[in-house]
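As a plain string of letters, each chain reads:
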Amino acid sequence: MSTRLEQWLGRRGVNVQEVADIVYSLQRPYNAQLTLEECLQSVRTVLSKREVQYVMYTGIALDELAEQGLLPEPLQSIMVADESLYGVDETLALGITNVYGMIGLTSFGYLDKVKPGVIQRLNTKGQGIHVFLDDLVAGLAAAASARIAHKDPAANTYDISDGPALLEE
């Protein structure tokens, strides 16, 4: 099933299967039963969230407008240069990573540093302007990975109904 957002991603050279591959590489060490199909479903579930869609549409549109030279200065020059101190691209992507809790933030930081697979391709200079999209894809993969981690039945659970031990006298 292809959604409108998947079509937008495809137009920018991103296939959701590539994102699922990254999710698999993140979660497989912790979940021996994990399948690529579960990772793909997790990516699509994250993409189905309205707040994720809004962030993705906004970032993709800004990248496309920059490619067309339609942004006002100095934003146009910042986008063309992919200024390292810009940071708005990462800030926007954090809106996706936080959908499934703090573990998404950790995974996002890792993906932003290592840039595996499609994230590296999007980050390569001369391949179009993907100032936002490389970070949005990393955020998407991080959120889909966190979603899987939260659903893992093998994860430890703790009974905190008595309150934190630190508060005991």
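What you see is a predicted model, and the numbers here were worked out from it, not measured in a lab.

Engineer: What's the story with the packing of helix H7 (residues 102-114) against helix H9 (residues 133-151) in this structure? I'm lost.
Structural biologist: Helix-helix packing: each pair is described by the crossing angle between the helix axes and the interaxial distance. Where H7 meets H9, the axes come as close as 8 Å, and the angle between the chain directions of the two elements is 140°. Put simply, H7 runs oblique to H9. The interaxial crossing formed by H7 with H9 has right-handed handedness. Residue-level contacts link Ile103, Gly104, Ser107, Phe108, Leu111 and Asp112 of H7 to Asp135, Ala138, Gly139, Ala141, Ala142, Ser145, Ala146, Ala149 and His150 of H9. Among the residues making up the contact of H7 with H9, the classes are represented as 8 nonpolar, 5 polar and 2 charged.

Engineer: How should the packing of aromatic side chains be read in this particular structure?
Structural biologist: The way to describe two aromatic rings as a pair is by their centre distance and the angle between their planes. Under the counting rule described, the total for this entry stands at 2 aromatic pairs. Ring geometry for Tyr86 against Phe132: centres 6.1 Å apart, planes inclined by 90°, an arrangement best described as edge-to-face. Separated by 46 residues along the polypeptide, Tyr86 in the loop between helix H5 (75-81) and helix H6 (88-97) and Phe132 in the loop between helix H8 (118-123) and H9 bring together distant segments of the chain. The buried category is assigned to Phe132, whose relative accessible area is 1%. Taking the ring centre of Trp8 as reference, the NZ or CZ of Arg11 above it sits at 4.5 Å.

Engineer: How should the nonpolar core be read in this particular structure?
Structural biologist: General note: in soluble globular proteins, nonpolar side chains tend to be found buried as a group. With 44 residues, the main nonpolar core has Val43, Leu47 and Met56 as its most contacted residues. If one sorts the elements of this core by residue count, H9 sits on top with 11 residues. Leaving out residues up to four positions away in the same chain, Val43 has contacts with Val16, Val19, Ala20, Val23, Leu140 and Ala144.

Engineer: Would you mind showing me how to read the environment of Gly109 here?
Structural biologist: Inspection of the secondary structure puts Gly109 in helix H7. For Gly109, a relative accessible area of 39% corresponds to the partly exposed category.

Engineer: Looking at this structure, how should I read unusual backbone geometry?
Structural biologist: Keep in mind that most residues, glycine aside, have a negative phi and that most peptide bonds are trans. Omega for the peptide link from Glu73 to Pro74 comes to 5°, which places this bond in the cis form. Along the chain, the position of Pro74 falls in the loop between helix H4 (50-67) and H5. We note that Asp82 has phi near 50°; this positive angle belongs to a residue other than glycine. For Asp82, the position within the fold is in the loop between H5 and H6.

Engineer: Sorry if this is basic, but what is going on with the side chain of Asn31 here?
Structural biologist: Secondary-structure assignment places Asn31 in the loop between helix H2 (16-27) and helix H3 (36-47). Among the polar contacts made by the side chain of Asn31, one reaches the main-chain amide nitrogen of Gln33 at a distance of 3.1 Å. Residues within four places of Asn31 in sequence aside, it is in contact with Ile148 and Asp152.

Engineer: Can you walk me through the environment of Leu85 in this structure?
Structural biologist: By the secondary structure assignment, Leu85 is in the loop between H5 and H6. Leu85 sits in the exposed class, given a relative accessible area of 81%. Residues Leu85 and Arg50 lie 35 residues apart in sequence; the distance between their C-alpha atoms is 29 Å.

Rules behind the numbers
Residues numbered from 1 in each chain as written. Predicted model: local features only at pLDDT ≥ 70, side-chain atom pairs only at ≥ 80, totals over all residues. Heavy atoms only, no water. Axes fitted to C-alpha atoms, helices over the stretch in contact; angles between N-to-C directions. Helix = DSSP H or I, 4+ residues; strand = E, 2+ residues; numbered from the N terminus. Parallel < 35°, antiparallel > 145°, perpendicular 65-115°, else oblique. Left-handed = near helix turned anticlockwise from the far one by under 90°. Contact = heavy atoms within 4.5 Å. Nonpolar A, V, L, I, M, F, W, Y, C, P; charged D, E, K, R; others polar. Phe/Tyr/Trp six-rings, centres within 6.5 Å; stacked < 30°, edge-to-face > 60°. Buried < 20%, exposed > 50% of the residue type's maximum accessible area, 1.4 Å probe, protein only. Lys NZ or Arg CZ within 6 Å of the ring centre and 35° of its normal. Core = buried A, V, L, I, M, F, W, Y, C linked by side-chain atoms within 4.5 Å. Polar contact = N/O pair within 3.5 Å; in protein donor to acceptor, adjacent residues only side chain to side chain.

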